[in-house]
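Per-entry structural report
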Amino acid sequence: MAKLNVRALLTALGKDPRPVTHELLDELPEDKTLSYLRGLLMATGALSARDQRPTNLERWINEKLATRTDLEDRRVLHGYAIWHHLRRLRQRVRGQQLTVDQDQNVRIHVNAAVQFLDDLAGRGTRLVACTQSDVDDFMAHRATYPQRTAHFVRWAVTHRHAHNLTAPATRWAGPSGPHDEDRRWDVARRLLHEDAAPTADRVAGLLLLLYAQHVNTIRHLTVDHVQREGDTPKILLGDRPIVLPAPLDALVEELIASRRGHTLVHAPGTWLFPGRLPGQPLSSDQLVIRLRALDVNPRQDRATALFTLAAQVPAAILARMLGIHRSVAVQWQQASGGDWAAYAADVAARPVRNRPAT
């Protein structure tokens, strides 16, 4: 069926006298067939490389805004979606590819705002007249994304679209008990020593469990991130390579040797985890599904790993090693209550030859 869809799309494009460009494809409804064809044309050099997600996201937001019949609601949503989320996302990305999670995060925030405004309208209430009781009732009984709804309420109050409302942010306070850490190590040991699962899935799971790597970071790793210093393999996650211990080093080497593209149409390129679309890595959705099949919970297990590492390593070193922002590392350090005075005393007591380079 997919081949028939691509054939029909190519036939339709062939009838258009204009050359095939990104702009021409942008006029067509975005679906999996168009995404596959666009990826194939970029992979073969027929089209220049372009991150399509920002265009699709902006189109989706504009379609959402166009469906709003209430002009005040449309104005509020425009400010929230375009000026708050989309503008900040462009500043954060700064020319780099937009990840699936970043794209989905904006869509979920916008959907949460739409759901809340629709709920208010259904009860004959406007955002400007919304009461704390309205917020609490919606959050308790009907909110699909309560944390995102809370974010919209706080934004609305800050920008004076609503008044006298509170919707506190909730933060993860760390592992719920020793069993979280024990389970993380049990899964890691199984992935290291049992070969029932595909090598790619085992490596991805171990990078998350041992090094607290985000799913989107893992899927964008390439063979160039794996370096060798003599016979010692290392992986570059931040600005300093980390030595890969055995048997993880052998698994990574096996992954590099065995990886392949999804079809004969395209090669894996340099991606460690090549995906279905030509020239693209494995999607975050597919990677999450494969990790969960191995009993890896990406969000919880990564948070547990970060919490544990932050209790053992100072924030500056953690940021350099794992490739996370220093402010994020500091927040996890504060949450974990790491004793950096004890760490500094330990470093000072080491022989000079063993002290870390500065």
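Look above for the structure.
We now turn to the structure provided with this report. (Residues numbered from 1 in each chain as written. Predicted model: local features only at pLDDT ≥ 70, side-chain atom pairs only at ≥ 80, totals over all residues. Heavy atoms only, no water.)

Structural notes on the sheet that holds strand 1 (residues 226-229)
Strand order in the open sheet formed by three strands is 1-2-3, and the pairing between neighbours is antiparallel. Because the sheet does not close on itself, it has two edges, and the strands there are strand 1 and strand 3 (242-243). Bridging between strand 2 (residues 232-235) and strand 3 involves two bridges; their strand directions are antiparallel. From the neighbouring strand, isoleucine 235 faces strand 3, where its bridge partner is isoleucine 242. Helix 12 (residues 248-258) contacts strand 1 and strand 2 of the sheet and is inclined by roughly 120° relative to strand 1. (Pairing = 2+ DSSP bridges. Helix = DSSP H or I, 4+ residues; strand = E, 2+ residues; numbered from the N terminus. Contact = heavy atoms within 4.5 Å. Axes fitted to C-alpha atoms, helices over the stretch in contact; angles between N-to-C directions.)

With respect to the side chain of arginine 259
Along the chain, arginine 259 turns up in the loop between helix 12 and helix 13 (284-293). Lacking a salt bridge, the buried arginine 259 has aspartate 224 as its closest oppositely charged neighbour, with an N-O distance of 8.4 Å. At a separation of 2.9 Å, a polar atom in the side chain of arginine 259 contacts the main-chain carbonyl oxygen of tryptophan 271. (Buried < 20%, exposed > 50% of the residue type's maximum accessible area, 1.4 Å probe, protein only. Lys, Arg positive; Asp, Glu negative; His and termini not counted. Salt bridge = Lys/Arg side-chain N within 4 Å of Asp/Glu carboxyl O. Polar contact = N/O pair within 3.5 Å; in protein donor to acceptor, adjacent residues only side chain to side chain.)

Things to note about the pattern of salt bridges
Inspection of every chain in the model, using the stated rule, returns 17 salt bridges. Here arginine 183 and aspartate 301 are joined by a salt bridge, their closest N and O atoms 2.3 Å apart. Of this pair, arginine 183 sits in helix 9 (residues 178-193) while aspartate 301 sits in helix 14 (residues 298-310), placing them 118 residues apart in sequence. For the salt bridge of glutamate 253 with arginine 228, the shortest nitrogen-to-oxygen distance reads 2.7 Å. Within this pair, whereas glutamate 253 is found in helix 12, its partner arginine 228 is found in strand 1, the two being separated by 25 residues in sequence. For glutamate 253, a relative accessible area of 31% gives the class partly exposed. On the basis of relative accessibility, which here comes to 47%, the residue arginine 228 falls in the partly exposed class. One network of salt bridges, in which partners are shared, links Asp119, Arg123, Asp134, Asp137 and Arg142.

A word on unusual backbone geometry
Of note, the amide linkage connecting alanine 246 to proline 247 takes the cis form, showing an omega dihedral of 0°. The topology assignment puts proline 247 in the loop between strand 3 and helix 12. Of note in this structure, asparagine 164 is not a glycine but carries a positive phi near 60°. Along the chain, asparagine 164 turns up in the loop between helix 8 (146-158) and helix 9. Owing to a relative accessible area of 75%, asparagine 164 belongs among the exposed residues under this scheme. Although it is not a glycine, alanine 212 adopts a positive phi angle of roughly 55°. Here alanine 212 lies in the loop between helix 10 (199-211) and helix 11 (215-219). A relative accessible area of 1% places alanine 212 in the buried class.

Description of the packing of helix 4 (residues 53-66) against helix 5 (residues 71-93)
For the pair helix 4 and helix 5, the least separation of the axes is 10 Å and the interaxial angle reads 170°. Considering their axes alone, helix 4 and helix 5 lie roughly antiparallel with respect to each other. When helix 4 is examined against helix 5, the residues Leu57, Glu58, Ile61, Asn62, Leu65 and Ala66 are found in contact with a partner set consisting of Arg74, Leu77, His78, Ala81, Ile82, Leu86, Leu89 and Arg90. (Parallel < 35°, antiparallel > 145°, perpendicular 65-115°, else oblique.)

Here's the deal with the packing of aromatic side chains
Using the criterion set out here, one finds five aromatic pairs in the structure. An angle of 70° between the planes, with centres 4.9 Å apart, marks the rings of tyrosine 80 and phenylalanine 152 as edge-to-face. Separated by 72 residues along the polypeptide, tyrosine 80 in helix 5 and phenylalanine 152 in helix 8 bring together distant segments of the chain. Judged on exposure class, the residue tyrosine 80 and its partner phenylalanine 152 are both buried. (Phe/Tyr/Trp six-rings, centres within 6.5 Å; stacked < 30°, edge-to-face > 60°.)

Concerning the pairing of strand 2
Looking down a regular strand, the side chains alternate between one sheet face and the other. Two elements, strand 1 and strand 2, share four bridges in a ladder whose sense is antiparallel. Pairing of arginine 228 across the sheet is with proline 233, part of strand 2. Linkage of strand 1 to strand 2, two consecutive antiparallel strands, is achieved through a turn of two residues, within which glycine 230 is found at a positive phi near 70°. Hairpin connection from strand 2 to strand 3: six residues lie between these consecutive antiparallel strands.

Points about the nonpolar core
The biggest cluster of nonpolar side chains holds 48 residues, and the ones touching the most others in it are Leu206, Tyr211, Leu248, Phe273, Val296, Leu318 and Leu322. Every element with two or more residues in this core is listed here: helix 9, helix 10, helix 11, helix 12, helix 13, helix 14, helix 15 (315-322) and helix 16 (326-336). Here this core gets nine residues from one element, more than from any other, and that element is helix 10. Not counting the four nearest positions on each side in its chain, leucine 248 is found in contact with Leu192, Leu206, Leu210 and Tyr211. If you look at the next biggest cluster of nonpolar residues, it comprises 33 residues, including Tyr80, Val110, Ala162 and Ala167. (Core = buried A, V, L, I, M, F, W, Y, C linked by side-chain atoms within 4.5 Å.)

Side note on helix 14
Spacing of three or four residues puts side chains on the same side of an α-helix, whose turn is 3.6 residues. Over its 13 residues, helix 14 runs 18 Å from end to end, which matches the ideal 18 Å to within 8%, given 1.5 Å per residue. Most of helix 14 sits out of view: eleven of its 13 residues are buried. (Expected span 1.5 Å × (residues − 1).)

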